[in-house]
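Spelled out, the chains give:
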Amino acid sequence: MAEEAFANRISLEEIIIPDSVTQIEPKAFYGCRGLKTMFLPSSVRRLGSSAFHSCSSLREITLSPSLMAIEYSVFYACSNLESIVLPDTIRIISPCAFSGCGSLNGIRFPDGLIDIGESAFEGCRSLESVELPEAFETLGAHAFGSCTMLDSAVLGSRIRTIPPQAFSRCENLNHVVLPEGLEEIQSEAFESCENLLTLQLPASITEIDPDAFSNCRHLMLFVYPDSYGENYAKDRDILYSEI
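Reading guide: rules and limits
- The residue numbering used here restarts from 1 in each chain and proceeds along that chain's sequence as written.
- Note on the predicted model: pLDDT of at least 70 is required for a residue's local features to be given, and 80 or more for side-chain atom pairs to be given and counted; whole-chain, interface and lining totals, by contrast, use all residues.
- Working from all heavy atoms in the structure, the side-chain values ignore hydrogens and water.
- Only buried residues count toward a nonpolar core, which is a set of Ala, Val, Leu, Ile, Met, Phe, Trp, Tyr and Cys residues joined through side-chain atoms within 4.5 Å.
- With a 1.4 Å probe rolled over the protein chains alone, any residue whose accessible area is under 20% of its type maximum counts as buried; one over 50% counts as exposed, and the rest are partly exposed.
- Helix and strand labels come from DSSP, where a helix needs a run of H or I of at least four residues and a strand needs a run of E of at least two; each type is numbered from the N terminus.
- Strands were regarded as paired on the criterion that DSSP finds at least two bridges between them.
- The directions from the helix axis to the C-beta atoms form the arc being described.
- Contacts are assigned to residue pairs with any non-hydrogen atoms lying within 4.5 Å of each other.
- Any two cysteine sulfur atoms lying within 2.5 Å of each other are counted as a disulfide.
- For salt bridges, the criterion is a side-chain nitrogen of Lys or Arg within 4 Å of an Asp or Glu carboxyl oxygen.
- Any pair of Phe, Tyr and Trp rings, taking the six-membered ring for Trp, is counted once the centres come within 6.5 Å. Such a pair is stacked with planes under 30 degrees apart, edge-to-face with planes over 60 apart, and tilted for the rest.
- Charge over a ring is defined by NZ of Lys or CZ of Arg lying within 6 Å of the ring centre and within 35 degrees of the ring normal.

Participant: Can you help me understand the nonpolar core in this one?
Facilitator: The nonpolar side chains of a soluble globular protein tend to be buried, and buried together. Ranked by size, the top nonpolar core spans 79 residues in total, and within it F29, F52, F75, F98 and F190 carry the most contacts. Those elements that place two or more of their residues in this core are strand 18 (220-223) and helix 1 (228-236).

Participant: Is there a simple way to explain the sheet that holds strand 5 (residues 69-70) in this structure?
Facilitator: Where strands meet in a sheet, backbone hydrogen bonds hold them as pairs that are either parallel or antiparallel. Strand order in the open sheet made by the four strands is 5-7-9-11, with parallel pairing throughout. Edge strands, defined here as strands with exactly one partner in the open sheet, are strand 5 and strand 11 (138-139). Direction of pairing for strand 5 relative to strand 7 (residues 92-93): parallel, over a ladder of two bridges. Its bridge partner being in strand 7, I70 is matched across the sheet by I93.

Participant: Help me understand helix 1, please; the structure alone is not making it clear to me.
Facilitator: The α-helix advances 3.6 residues per turn, and as a result positions three or four apart in sequence lie on the same side. Within the sequence span of helix 1, burial applies to G229, E230, Y232 and A233. Down the axis of helix 1, the sector holding all buried residues measures 160°, keeping them to one side. Those residues of helix 1 that are buried lie in contact with strand 17 (207-208), strand 18 and strand 19 (239-242).

Participant: Can you help me understand the environment of E25 in this one?
Facilitator: Of note, E25 is situated in the loop between strand 1 (23-24) and strand 2 (37-39). Separated by 21 residues in the primary sequence, E25 and R46 have C-alpha atoms spaced 7.9 Å apart.

Participant: Help me out: how do you make sense of the sheet that holds strand 17 in this one?
Facilitator: If you trace the three strands from one edge of the open sheet to the other, you get 13-15-17, paired in parallel fashion. Strand pairing shows two members of the sheet lacking a second neighbour, strand 13 (161-162) and strand 17, which therefore form its edges. Of the pairings in the sheet, the one linking strand 13 to strand 15 (residues 184-185) comprises two bridges and is parallel in character. Its bridge partner lying in strand 15, T161 is registered against E184.

Participant: Is there a simple way to explain the state of the cysteines in this structure?
Facilitator: A covalent bond between the sulfur atoms of two cysteines is referred to as a disulfide. Enumeration according to the criterion identifies zero disulfides in this entry. C55 takes part in no disulfide bond, and the closest cysteine sulfur, belonging to C32, lies 5.1 Å away. C55 gets classed as buried once you look at its relative accessible area, which sits at 0%. Lacking any disulfide linkage, C124 is separated from the closest cysteine sulfur, that of C147, by 5.2 Å. On the basis of relative accessible area, C124 is assigned to the buried category, the value being 0%.

Participant: I tried to follow the pattern of salt bridges on my own but got confused; where do I start?
Facilitator: Between side chains of opposite charge, a pair can form as their charged atoms come close. Per the stated rule, a full pass over the model turns up seven salt bridges. Linking E71 and R46 is a salt bridge whose minimum nitrogen-to-oxygen distance equals 2.9 Å. Of this pair, E71 sits in the loop between strand 5 and strand 6 (83-85) while R46 sits in strand 3 (residues 46-47); the two residues are 25 residues apart in sequence, bridging distant segments of the chain. Between D88 and R108 there is a salt bridge; the shortest N-O distance is 3.0 Å. With D88 in the loop between strand 6 and strand 7 and R108 in strand 8 (residues 106-108), this residue pair connects regions lying 20 residues apart in the sequence. Judged by relative accessible area, R108 falls into the partly exposed class, the value being 49%. Several salt bridges share partner residues, and in doing so they unite E25, R46 and E71 into one network.

Participant: Looking at this structure, how should I read the packing of aromatic side chains?
Facilitator: How two aromatic rings sit relative to each other is given by the distance of their centres and the angle of their planes. Considering all chains together, one arrives at twelve aromatic pairs under this definition. Ring centres of F6 and F29 lie 5.3 Å apart, and the angle between their planes is 5°; on these two criteria the pair is classed as stacked. Remark: F29 occurs in the loop between strand 1 and strand 2 and F6 occurs in the segment before strand 1; sequence separation between them is 23 residues. Ring geometry for F52 against F75: centres 5.7 Å apart, planes inclined by 5°, an arrangement best described as stacked. You can see F52 sitting in the loop between strand 3 and strand 4 (60-62) and its partner F75 sitting in the loop between strand 5 and strand 6, a full 23 residues away along the chain. Judged by its relative accessible area of 0%, F52 is buried. Through successive ring pairs, a cluster of aromatic residues spans F6, F29, F52, F75, F98, F109, F121, F144, F167, F190, F213 and Y232. A cation over an aromatic ring shows up here: K27 above the ring of Y30, its NZ or CZ 5.5 Å from the ring centre.

What is shown is where atoms sit, not what they do.
Structure below.
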């Protein structure tokens, strides 16, 4: 399907994609504000960037089981999209893929997912929980920033760095599980997570930015004796307890 094939056709509500289609090119349905449902057959192997950008009425989409990536801004500002099932073949969610999907309240990440790009879920205000698979490796900056209803985040065991503002302004966040093996928490990663009351730092941590927990006013860190985490808490005057 050609680039911008149906772009900005605001009266389009539904379309059947034939099995002969193997690619949806970039911006194919960009700005189709009336589009409500979409079914992508298994023949579709690639969904181009911004394919459904600003499809603000889109509530339901069935993705092809042949996809390996959700590309840049594919569902950006699909403000009525409430849920989506990612096929087990997905390994990469690109930057801004679901940014601004304010109604998205749940998503299950497939076991083979290894990468979530910058701002991929930023501003998903209804998203309540995140559980990344064990195979997961790389999280982009702002990935879950301003997910104001997010209350739980469990990170996979292979992740080594939490990037800048990854969970910033997640004001409801109160349960975070950091894996042993995590090495670095970067600038404002948990900035203004006002309901984050406790957090256990793994012994593997070797660097935490001074502003990683800025405006987390009630936070208590659980740390290992004589660890980097304990020294960090002391230096930053953050309440802590030894494990």
